[in-house]
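Chains, contacts and geometry: an overview
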Amino acid sequence: MKRGIVWLLSIVLLLSFGSEKASADDSSRLDQEVNDVMGTPYKWGGTKASEGFDCSGFIIYIFGKFNLDLPRTSKSQASAGEYVAKSDLRPGDLVFFDTGGNGISHAGIYVGDNKFAHSSSNKGVTITSLSSGYYKERYVTARRTISESTYQKITGN
């Protein structure tokens, strides 16, 4: 009986390890780059992981990892690429918010599952739901700034 329980536990552990490894291997390059800087503090004007990021600096940093250039500010980034409906978002699209009542003032990178990565002034680099009350009420638009081939490269899709 004890041997059977040990055998069963061994199988469960092996299967658990295998599935965790598979999901880690399946994460996209975009996810990996974002995860590498999670928690990096907010710094107004910041574009470096070693110093901190503001929201548009975070986007420039992540997109720079894929040799993609974007304008410096969130307001100018909101004019880059093509408009994309909120219902058609895919990982790598940029999402924009009006957090101050004067137009576009915050931006992030859509990462899937109704979530976006961004540099928050109070949390640093984090992932937040688009359905979060604060951001849901302040969502303005989204832009697709990467080509289909780049999308496939950074997401593995």
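Here, the structure is the one placed above.
Residues numbered from 1 in each chain as written. Predicted model: local features only at pLDDT ≥ 70, side-chain atom pairs only at ≥ 80, totals over all residues. Heavy atoms only, no water.

Notes on the nonpolar core
In terms of nonpolar packing, the biggest core is built from 24 residues, with L30, F58, I59, I62, F63, L94 and I109 touching the most fellow members. Of all the secondary structure elements, the ones that give two or more residues to this core are α2 (29-36), α3 (55-64), β4 (94-97), β5 (106-112) and α6 (148-155). With 4 residues, the single largest contributor to this core is α3. Aside from chain neighbours lying at most four places away, what touches I59 is L70, Q77, L94, A107, G108 and I109. Counting 10 residues, the second-largest nonpolar core is a separate cluster that includes V84, F97, Y135 and A142. (Core = buried A, V, L, I, M, F, W, Y, C linked by side-chain atoms within 4.5 Å. Buried < 20%, exposed > 50% of the residue type's maximum accessible area, 1.4 Å probe, protein only. Helix = DSSP H or I, 4+ residues; strand = E, 2+ residues; numbered from the N terminus. Contact = heavy atoms within 4.5 Å.)

A closer look at the sheet that holds β5
As summarised here, the arrangement of the 6 strands in space is β3-β8-β4-β5-β6-β7, forming an open sheet in which the pairing is antiparallel. The open sheet is flanked by β3 (82-83) and β7 (124-129), the only strands paired with a single partner. Pairing geometry for strand β6 (residues 115-120) and β7, over 6 bridges, is antiparallel. The residue bridging S120 from the neighbouring strand is G124, located in β7. (Pairing = 2+ DSSP bridges.)

Regarding α6
Listed as buried for α6 are T150, Y151, I154 and T155. Looking down the long axis of α6, one finds its buried residues gathered within 115° of arc, a one-sided arrangement. Close packing links the buried residues of α6 with α2. Backbone geometry just after α6 places G156 at a positive phi near 75°. (Arc of directions from axis to C-beta.)

Digging into the packing of aromatic side chains
Going through the model one piece at a time under the given rule, you end up with 7 aromatic pairs. With a centroid separation of 5.9 Å and an interplanar angle of 70°, the aromatic rings of F53 and F58 are classed as edge-to-face. Each member of the pair F53 and F58 is classed as buried. Look at F97 and Y135: their rings are 5.1 Å apart centre to centre, the planes differ by 70°, and that puts the pair in the edge-to-face class. Placement of the pair is F97 in strand β4 and Y135 in helix α5 (residues 133-138), with a sequence separation of 38 residues. Pair check on accessibility: F97 and Y135 agree, each one buried. Chaining the aromatic ring pairs together yields one cluster made of F97, F116, Y134, Y135 and Y139. Its end group placed over the ring of Y139, K86 keeps NZ or CZ at 4.3 Å from the ring centre. Taking the ring centre of Y151 as reference, the NZ or CZ of R90 above it sits at 3.9 Å. (Phe/Tyr/Trp six-rings, centres within 6.5 Å; stacked < 30°, edge-to-face > 60°. Lys NZ or Arg CZ within 6 Å of the ring centre and 35° of its normal.)

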